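# A closer look at the structure
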Amino acid sequence: AQSVTQPDIHITVSEGASLELRCNYSYGATPYLFWYVQSPGQGLQLLLKYFSGDTLVQGIKGFEAEFKRSQSSFNLRKPSVHWSDAAEYFCAVGAPEGTYKYIFGTGTRLKVLA
Amino acid sequence: DGGITQSPKYLFRKEGQNVTLSCEQNLNHDAMYWYRQDPGQGLRLIYYSQIVNDFQKGDIAEGYSVSREKKESFPLTVTSAQKNPTAFYLCASSIYPGEETQYFGPGTRLLVL
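In this text, all values refer to a predicted model and were calculated from it rather than measured experimentally.

## Notes on the pattern of salt bridges
Residues and elements named next belong to chain B. Inspection of the entire model under this criterion finds eight salt bridges over all chains. For aspartate 30, the salt bridge is made with lysine 71, and the minimal N-O distance between the two is 3.3 Å. Taken together, the residues aspartate 30 in the loop between strand 3 (19-25) and strand 4 (31-37) and lysine 71 in the loop between strand 7 (64-66) and strand 8 (76-78) connect sequence positions 41 residues apart. By relative accessible area, lysine 71 is classed as partly exposed at 23%. The residue aspartate 38 makes a salt bridge to arginine 44 at a minimum N-O spacing of 2.8 Å. Take aspartate 38: its relative accessible area is 10%, and that puts it in the buried class.

## A short note on the interface of chain A and chain B
Counting residues at the interface gives 22 residues for chain A, matched by 22 residues for chain B. Counting each side, the surface lost to burial between chain A and chain B is near 1,800 Å², with a carbon and sulfur contribution of 53%. On inspection of chain A and its partner chain B, the count reaches zero salt bridges. Our enumeration of links across chain A and chain B arrives at four residue pairs in polar contact (both at pLDDT 80 or more). Of all elements in the fold, only strand 5 (32-38), strand 6 (44-50) and strand 11 (102-104) of chain A reach the threshold of two or more residues within the side of chain A that touches chain B. The biggest single contributor to the side of chain A that touches chain B is strand 5 of chain A, with four residues.

Cut-offs used in this document
Residues numbered from 1 in each chain as written. Chains lettered and ligands numbered in written order. Predicted model: local features only at pLDDT ≥ 70, side-chain atom pairs only at ≥ 80, totals over all residues. Heavy atoms only, no water. Salt bridge = Lys/Arg side-chain N within 4 Å of Asp/Glu carboxyl O. Helix = DSSP H or I, 4+ residues; strand = E, 2+ residues; numbered from the N terminus. Buried < 20%, exposed > 50% of the residue type's maximum accessible area, 1.4 Å probe, protein only. Contact = heavy atoms within 4.5 Å. Buried area = accessible area lost by both parts, 1.4 Å probe. Polar contact = N/O pair within 3.5 Å; in protein donor to acceptor, adjacent residues only side chain to side chain.

Structure follows, in structure tokens:
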């Protein structure tokens, strides 16, 4: 069965430091992969997505993610974190072949220290 | 501007009461989804609809009902059978089912009085 694991529930970084949020998935074929961000009490905003092609994907707000098939991972990175990046981040897997289902990870809450 | 709107932002339910959450989109998307979000559990799929007048149960459909009479609208009713309705409810849509990005509304927080 498909699954998504975000092993870090909480992460704290200092403003200006680099960031990496981990995401591992379980799926037989190459899935569609997404990262979303959620501010408190708000909906989810798409940061970036991977469908095929270049395994390094650029997104909004200076984020990027790298798809590593051998590790079944799709980690999110940012070279220098801003205080406004404090939020909850969700990794999601969507399956191709017309299936409806997206599987979301349980989220990683990012705290940024001034 | 195209997007998804959800109303109300906050909703209070009394014991034994049915309440309906609104979701409207003007993106001309075929597929619409309802998710429930609880702290530490991520998002769980309640119902989804691939086309007008058609919808399917997701992983946690018990105690909920939906309708899809118009392409733009996908209301969710939380019935009295849902014993633990307190949660954040998110509506989403995609151009077509399963193969494209899902876009989310701002959410409705449901609280029980």
